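Structural overview
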Amino acid sequence: METKNLADLYELAPLSWPDIASRLEGGYDLVPGSGGPDRHSCWLTTLNPDGSPHVTGLGALWVDGAFWFETGERSRKGRNLARDPRCALSLALNTVDLVVEGVAELIADKAVVADMAQRWAEGGWPCRVDDSGLALTADFSAPSAGSPPWRIYRIAATAASAVGVDPGGATRWTFD
């Protein structure tokens, strides 16, 4: 991992990736009043066919050192990722604003799909694995997810940037 201090100008120390990863591993709540300006919001940016950005909110989880999310393959983000899996996910926490850049990997392992379904269900979204074993279904989801079935994606991070609130600082990491 390469670390670049973006706050040298202000003589601030670089932020610690292990500290940020530890904060993510502790979980974050998407409920209003729980962080960020008023809550923790995840925003996924994918690339439209013309190269312009498409940004949408979603409920991503941090598991095993990566962000995980779900969407319908026919949703705009699903179609964009099928064509070009490069993406960025941003998240505002109480102590840091974070952007993770990477490649979204479509998950095709039934055991992993079942594990992630259980994690989302334990977090309050009553989803379940569909008959294919490779996708999720539920009585409801975010309107931007499209209709079920919803496929699961993992973002393999290639880089991340963070701006700290307290203490201040700004850092960029590039991962091998």
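Rules of the game
The residue count restarts for each chain, going from 1 along the sequence in the order it is written. Predicted model: local features are reported for residues with pLDDT of at least 70 only, side-chain atom pairs are reported and counted for 80 or more only, and whole-chain, interface and lining totals are derived from all residues. For side-chain calculations, the full set of non-hydrogen atoms in the structure is used, while hydrogens and water are omitted. Secondary structure elements are taken from DSSP: a helix is a run of H or I of four residues or more, a strand is a run of E of two residues or more, and numbering for both begins at the N terminus. Per-residue accessibility, obtained with a 1.4 Å probe over protein chains only, is compared with the maximum for each type, and a residue is labelled buried under 20%, exposed over 50%, and partly exposed between these values. A contact between two residues is defined here by any heavy atoms of the two lying within 4.5 Å. Centres within 6.5 Å make a pair out of two Phe, Tyr or Trp rings, where for Trp the six-membered ring is used; the pair is then stacked when the planes are under 30 degrees apart, edge-to-face when over 60, and tilted otherwise. Every patch collects residues that have over 30% relative accessible area and no salt bridge, joining them within 9 Å if they carry like charges and within 5 Å if they are nonpolar side chains (Val, Leu, Ile, Met, Phe, Trp, Tyr). Per-residue and other accessible areas follow the Shrake-Rupley method at a 1.4 Å probe size, with only the shown protein chains counted as cover for residues. When a carboxyl oxygen of Asp or Glu lies within 4 Å of a side-chain nitrogen of Lys or Arg, that pair is called a salt bridge. The charged-residue count follows a simple rule in which Lys and Arg add positive charge and Asp and Glu add negative charge, with His and chain termini not counted at all. By convention, the point assigned to a charge is CZ for Arg, NZ for Lys, CD for Glu and CG for Asp. By definition, the arc is the one covered by directions from the helix axis to the C-beta atoms. Counting of polar contacts relies on pairs of N or O atoms within 3.5 Å, with two restrictions inside protein: one atom must be capable of donating a hydrogen and the other of accepting it, and residues adjacent in sequence are counted only when both atoms are side-chain atoms. When two cysteine sulfur atoms are found within 2.5 Å, that pair is recorded as a disulfide.

So, on to unusual backbone geometry. Backbone geometry places E11, a non-glycine residue, at a positive phi of 55°. On the secondary structure map, E11 appears in the loop between β1 (2–5) and α1 (17–25). What makes E11 exposed here is its relative accessible area of 75%. Phi at D64 is positive, roughly 50°, even though this residue is not glycine. You can call D64 exposed: its relative accessible area is 69%.

This next bit is on the environment of G169. Within the secondary structure, G169 sits in strand β11 (residues 168–174). Taking the C-alpha atoms as reference, G169 lies 8.0 Å from N5; in sequence the two are 164 residues apart. If we ignore the near neighbours within four places in the chain, the residues touching G169 are A7, L12, A13, L15, A162, V163 and G164.

This next bit is on the packing of aromatic side chains. Per the stated rule, a full pass over the model turns up 7 aromatic pairs. Seen in terms of ring centroids, W62 and F67 are 4.9 Å apart; in terms of plane orientation they differ by 75°. Their pairing is edge-to-face. Judged by centre distance (5.7 Å) and plane angle (55°), the ring pair of W125 and W150 falls under tilted. Of this pair, W125 sits in the loop between α3 (110–122) and β8 (128–129) while W150 is found in strand β10 (residues 150–165), placing the two residues 25 residues apart along the sequence. Among the aromatic residues, those joined into a ring-pair cluster are W17, W62, F67, W173 and F175.

What follows is about a positive patch on the surface. On the surface, a cluster of positive charge is contributed by R74, R76, R79 and R83. Relative to the helices and strands, R79 resides in helix α2 (residues 76–83).

Moving on, we come to α1. Taken residue by residue, α1 has W17, I20, A21 and L24 as its buried positions. The arc that holds the buried residues of α1, viewed along the axis, is 100°, so those residues lie on one side. For α1, the exposed residues lying more than 90 degrees away from the buried face are P18 and D19. Along its buried surface, α1 packs onto β4 (61–63), β5 (66–72), β6 (86–92), β7 (96–106), β10 and β11. Regarding α1, its N-cap is S16, as a side-chain oxygen of that residue lies 3.1 Å from the backbone nitrogen of D19 further along.

Scanning all chains against the criterion turns up 0 disulfides. Here C87 stays free of any disulfide, with the sulfur of C42 as its closest cysteine sulfur at 12 Å. C127 takes part in no disulfide bond, and the closest cysteine sulfur to it belongs to C42, at a distance of 16 Å. Accessibility expressed as a relative area gives 8% for C127, which makes it buried.

Inspection of every chain in the model, using the stated rule, returns 5 salt bridges. E73 serves as the salt-bridge partner of R151, at 3.7 Å between the closest nitrogen and oxygen. Of this pair, R151 sits in strand β10 while E73 sits in the loop between β5 and α2, and the two are 78 residues apart along the sequence. You can call E73 partly exposed: its relative accessible area is 42%. Here R86 makes a salt bridge to D84, at a shortest N to O gap of 2.7 Å.

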